[in-house]
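# Structure assessment
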Amino acid sequence: MELRRPIPTIGPVEAIPVRRSVPGSVHVGPADATRGADPGSVPELFARLRAEIARDGPITFARFMEVALYDPDFGYYRSETERPGRGGDFLTAPETHPIFGQAIARQVEELWEMLDRPRPFALLEYGAGSGALAEAMLRELERPDGPMTAAVAYEAVEINRFRRAALDARLAAAGLTPHSGDSPAVGCAVANEFLDALPVHRVRWLDGRLVELFVDQAGTSDADGFIDRPDEPSTPALAARLAEEGVVLAEGQQAEVCLGLDAWFEDLAHRLERGYAIVIDYGRPGPELYSAARIAGTVMGYVRHRAIEDPYRNIGRQDLTAHVDFSSVQLAAQHHGFEPLGLTTQAEFLIGAGAEELLERVRSDPRTDLATWVELRSAVVRMLDPRAMGGFRVLVLARNTPASPLPRGLANRTPATPSATGATTARP
Ligand SMILES: C[S@@+](CC[C@H](N)C(=O)[O-])C[C@H]1O[C@@H](n2cnc3c(N)ncnc32)[C@H](O)[C@@H]1O
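Right, let's walk through the structure included here.

### Comments concerning the overall build of the protein
- The secondary structure content of the protein amounts to 13 helices and 19 strands.
- The 428 residues of the protein split such that 51% are buried.

### So, the packing of helix α12 (residues 355-363) against helix α13 (residues 370-384)
- The interhelical angle for the contact between α12 and α13, taken along N-to-C directions, is 170 degrees, at an axis separation of 11 Å. By the angle class used here, α12 and α13 are roughly antiparallel. Across the interface between the two elements, Ala 355, Leu 359, Val 362 and Arg 363 of α12 pack against Trp 373, Leu 376 and Val 380 of α13.
- Per-class residue counts for the contact of α12 with α13 are 6 nonpolar, no polar and 1 charged.

### Focus on helix α8 (residues 261-271)
- Looking only at α8, the buried set comprises Leu 261, Trp 264, Phe 265, Asp 267, Leu 268 and Arg 271. For α8, the angular spread of the buried residues around the axis is 155 degrees, confining them to a single face.

### Some words on the environment of Arg 363
- Topologically, Arg 363 is positioned in helix α12.
- Each C-alpha atom, one on Arg 363 and one on Arg 377, is 9.9 Å from the other, the two residues being 14 residues apart in sequence.
- Residue contacts for Arg 363: discarding those within four places in its chain leaves Thr 368 and Trp 373.

### Some details on the site of the ligand
- Near the ligand lie 22 residues; those nearest to it are Thr 92, Gly 127, Gly 129, Ile 159 and Asn 160.
- If you list the elements that add at least two residues to the shell around the ligand, you get α3 (93-96) and α5 (132-141).
- Of the residues assigned to the shell around the ligand, the class counts are 11 nonpolar, 5 polar and 6 charged.

### Re the pairing of strand β5 (residues 185-192)
- Burial within β5 is extensive, with 7 of its 8 residues counted as buried.
- As judged from the 5 bridges shared by strand β3 (residues 121-126) and β5, these two strands associate in the parallel manner. Bridge pairing links Glu 125 to Val 190 in β5.
- Here 8 bridges tie β5 to strand β10 (residues 272-281), and the two strands are oriented parallel to one another. Within β10, the position partnered with Ala 185 by the bridge is Leu 272.

What counts, and at which threshold
Residues numbered from 1 in each chain as written. Predicted model: local features only at pLDDT ≥ 70, side-chain atom pairs only at ≥ 80, totals over all residues. Helix = DSSP H or I, 4+ residues; strand = E, 2+ residues; numbered from the N terminus. Buried ≥ 20, exposed ≤ 12 C-beta atoms within 10 Å, placed from the backbone. Axes fitted to C-alpha atoms, helices over the stretch in contact; angles between N-to-C directions. Parallel < 35°, antiparallel > 145°, perpendicular 65-115°, else oblique. Contact = placed C-beta atoms within 7 Å. Nonpolar A, V, L, I, M, F, W, Y, C, P; charged D, E, K, R; others polar. Arc of directions from axis to C-beta. Near = placed C-beta within 6 Å. Pairing = 2+ DSSP bridges.

The following block contains the structure:
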């Protein structure tokens, strides 16, 4: 199932420790505006982009990203090729070890209790990928001694038909059944490393004003690649979004704005009448993300565990992402009736949700051998290490829920400071 409405686009580095690559991954430098065609790009996609620009003029970066990732025939996220995972382009936490999904399941179980144990209880997963997170969560939620085995109704929102088929087969093989719900539900949505792939506009503060970086052809030959082309913003919504979250850019500073968040929350609000959403991704609240220390933007490509600064290479073959601006997410959430309950780090969230109890469960199981234990320990270290995935952010949102205690995943937040949106924010 896909988003009900495509992510709309209007009108076109600094690395926090390499986020999705395995340790020791390679970092490839920035764009070279003088080079020609990139042999790493999918030729058809390269030609489609050139033709669109030749016809309509420079395109927004959001449009470029939309084509590169979502073109129905050749987009990165439409291909059969494996994406997350050790054999793919980047590694996500659920692909590392099931304990990630088990800890989230523990949190989901508590949210179900907080809603007075509804049946059915929808578990929506956006960007479900290979089903690694789904399988881990469902095995935990449907464990024989678990309280909500008969209540949980899982539904994947996944744009890639190959991933979707593999996910269905994986769950069927594990004896877990996905549910296909069409009516608004009571439950919880989970999105792990989903929002970072939504198309972004790129802007820069130049000579005292905001400009947008469009994508233009680097030359007139069919083999020429793409370059940034600064111009008047395609929509006033870009400046308005930055102003709303209190982001003030320094001269020359670059930022990204994701206007597609509104469409995502519209979709989520349509599916989830009452309940919670857990959003996990790399990023920061806007004023931190765009502090004076970060002049470059955060757009980054990933291919075969290499981080690539040039978004115009490997088009259709490299993932394109931007850090998630969590102030922007909280504002969009509020506009669509979701209340931010708190923002914390992945490390704090997993510990609060019960990762240590889950570790102890494995450690004290007499069937656990040394290799299993070592593998689990090293995966957990990576999930909790603030220089690796532990520094990712987790945002918990609520919709039409009764006032209740904070979910356990938010219990360990480091001293909170008020964010630009009035929600509480963990220290970086
Ligand atoms: C970075 S992967 C993360 C996969 C999984 N959540 C994980 O943590 O391993 C992003 C996933 O989201 C899917 N996806 C991207 N954009 C989407 C959209 N607009 N609607 C539904 N799925 C989307 C991709 O096909 C891909 O499987």
